[in-house]
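This is what each chain is made of:
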Amino acid sequence: MNLKSLLLAGGALLSGTAASAGGYQVTLAGQKNNGMGGVGVGLSLDQAAMFYNPGALAMVKDRGVQVGVNLTLARNAFVAEGGNQQRELRNSYTTPLNFYAGFGPAEGKFRAGIAVYTPFGSKLQYADGWEGRTSLTDIDLKSVFVQPTISYAITDQLSVGAGLVVLAYGAVNLQRDIALPDSYGHIELDGKADTKFGFNAGIFFKPSDKLSLGINYRSKIDAVVKDGDVTFSGIPASFSSRFQATKFNATLPLIATTSIGLGIMPNEKLTIGFDASLAQWSKYRVLRFDFDQQINGSTSSESKRFYEDALTFRLGGQYKLTEGLTVRAGGAYDQTPVRDGYVTPETPDNDRLSGTLGASYTFGKFGVDLSAQYVGIMKRTVTQTELLNNGTTDRIAGTYKTNIVIPGIGLNYAF
């Protein structure tokens, strides 16, 4: 989410105007959890507890290894203010991954493990010649977090855990057109983030076989891009002296999240989970880009974000139909952090409603997990009057509507 914002801001800088952008937070960290609406803070399902609540890892019965991949397929439609032509994306998909390996003594009180997941990322490619081409044409954001984790059961009912979160890989590519008197040029920003550190900690409490509780905190990490590449194309020689930058620096805040979760197990076959999360987007106020040389008369730019903290509520469950087959379903309501008048092409965001389905089948120690998710982002309109009042005219007025479909598959081995 923040990474995407950074990219858009970079585009605004290039045009010498202020830019605003949102981010894109990815919460596809566990295939079983994905099928249950994304719940997991108050549950101890499997090794994905390292992401949802490290404190619950010590209560996971089996040690094991699991890997999962999801395919996000987004469809975005845009109609400019006063227009009637609907624009759609050229293409948009991403493949968030997750990997977990949990170890420890079979009857011991502690578990350790390693987690690899992709909590932030986005890819959008707008139609050629669309009305917002000078704000954004393409954006591709990637991040990979690595998290060594340890969890300890203080008693049979209470466990704690924590992990060192490493931003091991972050990359951003942002492209936009540049309006010239008789034509359009093009600019591309491409850079990689430095390695940074944070933490993920949690407490898990299971007072009975039918009830469990959890709390989790994932810290903020600043993704810092230094000496990213700036490339211009289609700039006539008569204007080239105005577009001299070759490098850029920027910092992207990857926000902190606090979550609480509840697990209810009415019987041995049925598990129900409920999570509530607070994403601290209000820390994201302004995004600044610095260039090594001038772009249209300026070597730096600041872009307004003014995000608000946002809540997410998740509800899901699973039912064990047979010894090998488990089915899942769930849903979520996700508040947008983007205020009215601050909507941008790279994050045409609004409140979201999602529904999920999932299933697992085990073959002895092996298992296959399937999940599917539909995310509907409510229609969002930003008017020219709002842009003028907020000083955010670097983006375009109009109405966005985005839907996302996310199938996923995972494999696991317990030992």
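Note that the coordinates shown come from a computational prediction; the quantities given were computed from them, not determined experimentally.

Q: I'd like to hear about the overall build of the protein chain, residue by residue, with values.
A: Counting secondary structure elements, the protein chain contains 4 helices and 23 strands. Here the C-alpha radius of gyration of the protein chain, 22 Å, is about what a compact globule of 415 residues would show, namely 22 Å. Overall size of the protein chain, expressed as C-alpha extent along the three principal axes, is 75 × 40 × 35 Å. A separation threshold of at least 6 residues defines the contact pool for the protein chain, and within that pool the share at least 24 residues apart is 70%. Carbon and sulfur atoms make up 57% of the accessible area of the protein chain, which amounts to about 16900 Å² in all. Charged side chains of the protein chain number 38 positive and 35 negative; the gap between the two group centres comes to 4 Å.

Q: Can you tell me about the environment of Gly104, naming the residues and giving the values?
A: Assignment of secondary structure puts Gly104 in the loop between strand E5 (97-103) and strand E6 (110-117). Counting along the chain gives 273 residues from Gly104 to Ile377, while the straight-line C-alpha distance between them is 42 Å. Apart from residues lying up to four places away in sequence, Gly104 is in contact with Arg63, Phe110 and Arg111.

Q: Give me the nonpolar core: which residues, what numbers.
A: Ranked by size, the top nonpolar core spans 63 residues in total, and within it Tyr100, Phe145, Phe248, Trp281 and Phe291 carry the most contacts. In terms of residue count, strand E9 (residues 158-179) provides more of this core than any other element does, 5 residues in total. For Phe248, the residues in contact, after removing those within four places along its chain, are Leu189, Asp190, Gly191, Val225, Lys226, Asp227, Gly228, Asp229, Val230, Phe289, Asp290 and Phe291. Residues Val26, Leu28, Val375 and Ile404 belong to the second largest nonpolar core, which totals 6 residues.

Q: Explain unusual backbone geometry residue by residue, including any values.
A: Negative phi values dominate among residues other than glycine, just as trans dominates among peptide bonds. Positive phi, close to 55°, is recorded for Asn296, a residue that is not glycine. Tracing the backbone shows Asn296 in the loop between strand E17 (286-295) and strand E18 (298-304). Notably, Phe306 is not glycine yet its phi reads approximately 55°, a positive angle. Within the secondary structure, Phe306 sits in the loop between E18 and strand E19 (310-320).

Q: Provide a residue-level description of the side chain of Ser371, including the pertinent values.
A: Within the secondary structure, Ser371 is located in strand E22 (residues 366-382). Given a relative accessible area of 8%, Ser371 falls into the buried group. A distance of 3.1 Å separates a polar atom in the side chain of Ser371 from a polar atom in the side chain of Gln31. When near neighbours in sequence (up to four residues on either side) are disregarded, Ser371 contacts Gln31, Asn34, Gly35, Asn70, Leu357, Gly358, Ile406, Pro407 and Gly408.

Q: Which residues make up the side chain of Thr336, and what are the values?
A: If you trace the backbone, Thr336 turns up in the loop between strand E20 (325-334) and strand E21 (352-363). At 3.1 Å, the side chain of Thr336 forms a polar contact with the backbone nitrogen of Val338. Beyond its immediate stretch of four places on either side in the chain, Thr336 contacts Ala310, Asp349, Asn350, Asp351 and Arg380.

Q: Run through the environment of Met378, naming residues and quoting values.
A: Positionally, Met378 belongs in strand E22. Residues Met378 and Phe145, 233 residues apart in the sequence, show an inter-C-alpha distance of 29 Å. Setting aside residues up to four positions removed in sequence, Met378 forms contacts with Asn350, Asp351, Leu353, Tyr400 and Lys401.

Q: Please set out the environment of Lys142 residue by residue, giving values where relevant.
A: By the element assignment, Lys142 lies in strand E8 (residues 138-153). Using a relative accessible area of 41% as the deciding quantity, one classes Lys142 as partly exposed. Remark: the alpha-carbon pair of Lys142 and Leu189, spanning 47 residues in sequence, is separated by 14 Å. Here the side chain of Lys142 touches Asp140 through a polar contact of 2.8 Å, side chain to side chain.

Definitions and limits used
- Residues numbered from 1 in each chain as written.
- Predicted model: local features only at pLDDT ≥ 70, side-chain atom pairs only at ≥ 80, totals over all residues.
- Heavy atoms only, no water.
- Helix = DSSP H or I, 4+ residues; strand = E, 2+ residues; numbered from the N terminus.
- Rg over C-alpha atoms; globule rule 2.2 N^0.38 Å.
- Contact = heavy atoms within 4.5 Å.
- Areas by Shrake-Rupley, 256 points an atom, 1.4 Å probe, with all protein chains shown as cover.
- Lys, Arg positive; Asp, Glu negative; His and termini not counted.
- Charge placed at Lys NZ, Arg CZ, Asp CG, Glu CD.
- Core = buried A, V, L, I, M, F, W, Y, C linked by side-chain atoms within 4.5 Å.
- Buried < 20%, exposed > 50% of the residue type's maximum accessible area, 1.4 Å probe, protein only.
- Polar contact = N/O pair within 3.5 Å; in protein donor to acceptor, adjacent residues only side chain to side chain.

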